[in-house]
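The residues making up each chain are set out below.
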Amino acid sequence: MNFKTIIEPFRIKMVEPLRMTTPKDRKEILEKAHYNLFLIKAKDILIDLLTDSGTGAMSARQWAKMIEGDESYAGCESYYELEEVVKDLTGIKHIFPTHQGRASERILFQIVGGPETIIPNNTHFDTTRANIEYTKAEALDLVIEEGKDPQSDHPFKGNMDLVKLEKLFKENEGKNNIPLCLLTITNNSGGGQPVSLKNIKETKELCEKFKIPFFLDACRFAENAYFIKIREPGQSDRSVKEICQEIFSYADGFTFSAKKDAIVNIGGLLAVNNDELAGKIQNLEILTEGYPTYGGLAGRDLAAMAQGLREVVEEDYLEYRIKSTNYLGQKLLEIGIPLLTPIGGHAVYVDAKSYLSHIPPEQFPGQALACELYLEGGIRSVEIGSFMFGKNDDAGNFIASSMELLRLAIPRRVYTQSHIDFVIEVFERVHAKKDKIRGVKIVEEPPFLRHFSSKLALT
Ligand SMILES: *Cc1c(COP(=O)(O)O)cnc(C)c1O
């Protein structure tokens, strides 16, 4: 629709109240949480933009499907419904539900990974990398150079660098040490940037030439397909579903977190064409997730996932989804806030290093901004920078992350345009006093994944 106002393509029939807090409340809450937003109770947050994972709102039809969920241990009807929807969309032969994306990754890489093996990807998501490295395999990132430049306006910054991929394949020819090649759509760790249909096809062709199976990390396949429709020459007249079907027609298998583009609160999928691999997956799945027709989920979860996968390729939904994320980004750019561009599908990333240039990386400018947004308007965002990824070398010297970002992830179908306008207004207020924002320092940290539980203080 060609209107200025973004209209949410749904109306609301069930509401969840939000709790207002005062600036004084928030100051106390933040101090008690030691300036770490993970340590704040969700009830004390007004607008929660921590993640788009598992935070979406299900439709009335999904809830209705949950009531119909078949809870039989083996062969439940909800599994067959899910299988039918996934096969229609992807054409992949063997479909295994799992409790979430990382469970699919664990099963897959436990089978194909191991010492001396290499798994290339555009950019591995952190759980993917961790599951690969846990088997002592190497997780290699081969995204195009534009994908690493925050200001490049390339329309498909998630593309695989095919020159580098071919070089890797050639160097390892005959060694049998690349069990598969992954491609993450959209490229989450690279700012939610899409991969073009052309690049997906060419990656597949290159894999085929070297006889390497081609897999997708398909968490945001529908958002990626919508970007293809609106940005890639020759694609605008096709339906998103058709584009999705073409994308998956190139894949020999995929991993999937249903907490993203299946708009459910929990669940995942692992799907493969190869019969022998499917047999191994089935055995491991029974051992650790559950019988293959439920895979660690309730029948009702499978039913809701099947319905979510029907809804996520609806174009009214995707238009609203991509436009509303873009709306937030454009308004922040107008205020003068530097962002990672083009604006991705599921989140807006603020370049906190250039925005708060008076705060050095060792005082975590992204985290400082996250705290300020909470104090000003009860907004929760997440730092993706030196607080999350920075470390100290053996001599105790600080090593910064390559970027200092603040991510505002947008849950699916949860917030309205006025909620987003409120977020923009909070940014305007923060902007007016940005030079007074103080950095933070760590006062207590755990041995790993420190961003979840470290305690911080103002510098
Ligand atoms: C979320 C995500 C995963 C992991 O899925 P979980 O359901 O959180 O375990 C893997 N890859 C990508 C790209 C993701 O965004």
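For clarity, every value in this text was computed on a predicted model and none was experimentally measured. Throughout, residues of each chain are indexed from 1 in the direction in which the sequence is written. Local features are withheld for residues below a pLDDT of 70 in this predicted model, meaning they are given only at 70 or higher, and side-chain atom pairs are given and counted only at 80 or more; totals for whole chains, interfaces and linings count all residues. Calculated side-chain values reflect all of the structure's heavy atoms, with hydrogen atoms and water omitted.

Visitor: Describe the sheet that holds strand β9 (residues 347–351), and please don't skip the residues or the numbers.
Guide: Pairing in this open sheet of three strands is antiparallel, and the strands run β9-β14-β11 from one edge to the other. At either end of the open sheet lies a strand with only one pairing partner, and these are β9 and β11 (382–384). Mean inter-strand twist for the sheet, computed between neighbouring axes without regard to direction, equals 30°. Strands were regarded as paired on the criterion that DSSP finds at least two bridges between them. Counting from the N terminus, the helices are DSSP H or I runs at least four residues long and the strands are E runs at least two residues long. Pairing of β11 with strand β14 (residues 405–409), which is carried by three bridges, proceeds in the antiparallel orientation. The residue bridging Ile 384 from the neighbouring strand is Leu 405, located in β14. What makes two residues a contact is simply this: any of their non-hydrogen atoms within 4.5 Å. Helix axes use the C-alpha atoms of the stretch in contact, all axes being lines fitted to C-alpha atoms, and the angles between their N-to-C directions lie in the range 0 to 180 degrees. The strands touched by helix α12 (residues 315–335) within the sheet are β9 and β14, with β9 carrying the most contacts at an inclination of about 20°. Contacts between helix α14 (residues 365–377) and the sheet are confined to β9, β11 and β14, with β14 contributing the most and set at about 45° to the helix.

Visitor: Please provide a residue-by-residue account of unusual backbone geometry, values included.
Guide: Along the chain, Ile 185 connects to Thr 186 via a cis peptide bond; the corresponding omega equals -20°. Along the chain, the position of Thr 186 falls in the loop between β5 (181–184) and α7 (197–209).

Visitor: Please provide a residue-by-residue account of the layout of surface pockets, values included.
Guide: Any space left empty among the atoms is revealed by the rolling of a water-sized probe across them. A cavity here means a set of 1 Å grid points, computed over protein atoms only, where a 1.4 Å probe fits but cannot escape. A pocket is an open set with protein on both sides within 12 Å along at least 5 of 7 lines, and lining residues have an atom within 4 Å of a point. Grid points are joined across faces, edges and corners, and a volume is the space filled by probe spheres set on the points. Empty space within the second largest pocket amounts to approximately 1500 Å³. The wall of the second largest pocket is formed by 40 residues, among which Met 14, Ala 57, Met 58, Arg 413 and Val 414 lie closest to the centre. Those elements that provide at least two residues to the lining of the second largest pocket are α2 (60–68), α11 (299–311) and α12. The residue inventory of the lining of the second largest pocket, partitioned by class, reads 19 nonpolar, eight polar and 13 charged. Domain start and end points were adopted from an automatic or database domain assignment. Taken together, domain 1 (23–52 + 315–458) and domain 2 (60–311) each give at least three residues to the lining of the second largest pocket, which thus spans both. Amino acids outside the nonpolar list (Ala, Val, Leu, Ile, Met, Phe, Trp, Tyr, Cys, Pro) and the charged list (Asp, Glu, Lys, Arg) are all regarded as polar, and Gly is one of them.

Visitor: Give me the sheet that holds strand β8 (residues 268–272): which residues, what numbers.
Guide: Here we have five strands laid out as an open sheet, ordered β2-β8-β7-β6-β5, and mixed in their pairing. Sheet topology places β2 (94–98) and β5 at the edges, where each strand pairs with a single neighbour. On average, adjacent strands in this sheet sit at an angle of 15° to one another, irrespective of strand direction. Two strands pair when backbone bridges link them, and β2 and β8 are joined in this way by five bridges, in the antiparallel orientation. Bridged to His 94 within β8 is Val 272. Where helix α10 (residues 275–288) meets the sheet, its contacts fall on β2, β6 (214–217) and β8, and the angle it forms with β2 comes to roughly 25°.

Visitor: Run through the packing of aromatic side chains, naming residues and quoting values.
Guide: By convention, a stacked pair of Phe, Tyr or Trp rings (six-membered ring in the case of Trp) has centres within 6.5 Å and planes under 30 degrees apart, an edge-to-face pair has planes over 60 apart, and any other such pair is tilted. Within this structure, the stated rule accounts for 11 aromatic pairs. An aromatic cluster of three or more residues is present, and its members are Phe 221, Phe 248, Phe 254 and Phe 256. Note that Lys 260 overlies the ring of Phe 125, its terminal NZ or CZ placed 5.4 Å from the centroid. Two thresholds decide whether a charge sits over a ring: the Lys NZ or Arg CZ must be within 6 Å of the ring centre and within 35 degrees of the ring normal. Sitting over the ring of Tyr 355, Lys 434 keeps its end group 4.8 Å from the ring centre.

Visitor: Pulling in residues and values, what's your account of the side chain of Ser 257?
Guide: Mapped onto the elements, Ser 257 comes out in strand β7 (residues 253–257). We call a residue buried when its accessible area falls under 20% of the maximum for its residue type, exposed when it is over 50%, and partly exposed in between, using a 1.4 Å probe and counting protein chains only. Taking relative accessible area as the criterion, Ser 257 reaches 5% and is therefore assigned buried.

Visitor: Please set out the site of the ligand residue by residue, giving values where relevant.
Guide: One heavy atom suffices: a residue is near a molecule or strand as soon as one of its heavy atoms comes within 4 Å of it. As a structural note, the neighbourhood of the ligand is formed by 15 residues, with Arg 102, Asp 217, Arg 220, Ser 257 and Lys 260 the closest of them. Pairs of N or O atoms are called polar contacts if they sit within 3.5 Å, as long as, within protein, a hydrogen donor faces a hydrogen acceptor (for residues adjacent in sequence, only side-chain-to-side-chain pairs). Between the ligand and Ser 257, the relevant distance is 2.6 Å, taken from an oxygen atom to a side-chain nitrogen or oxygen of the residue. Elements with a contribution of two residues or more to the shell around the ligand: α4 (101–112) and α5 (126–134). Ranked by residue count, the leading element in the shell around the ligand is α4, at three residues. Residues of the shell around the ligand, tallied by class, amount to two nonpolar, seven polar and six charged.

Visitor: Any chance you could break down the nonpolar core for me, citing the residues and the numbers?
Guide: Nonpolar side chains tend toward joint burial in soluble globular proteins. Counting 109 residues, the largest nonpolar core has Phe 169, Leu 216, Phe 221, Phe 254, Leu 309, Leu 408 and Phe 427 as the members making the most contacts within it. Broken down by element, this core gets its largest block of residues, eight residues, from α12. Counting contributing residues, this core receives three or more from each of domain 1 (23–52 + 315–458) and domain 2 (60–311). Not counting residues up to four positions away in its chain, the partners in contact with Phe 427 are Leu 332, Ile 335, Ile 337, Val 350, Leu 373, Leu 406 and Leu 408. In this description, a nonpolar core means a group of buried Ala, Val, Leu, Ile, Met, Phe, Trp, Tyr and Cys residues linked to one another through side-chain atoms lying within 4.5 Å. Ranked by size, the runner-up nonpolar core spans 18 residues in total, among them Phe 109, Ile 132, Leu 180 and Leu 270.

Visitor: Provide a residue-level description of the environment of Val 272, including the pertinent values.
Guide: You can see Val 272 is positioned in strand β8. Since its relative accessible area comes to 0%, Val 272 is described here as buried. In sequence terms Val 272 and Phe 96 are 176 residues apart; their C-alpha atoms lie 8.7 Å from each other. Filtering out sequence-adjacent residues up to four positions away, Val 272 remains in contact with Ile 92, Lys 93, His 94, Phe 215, Asp 252, Gly 253, Leu 277, Ala 278 and Ile 281.

Function cannot be inferred from these measures alone, as they are strictly geometric.
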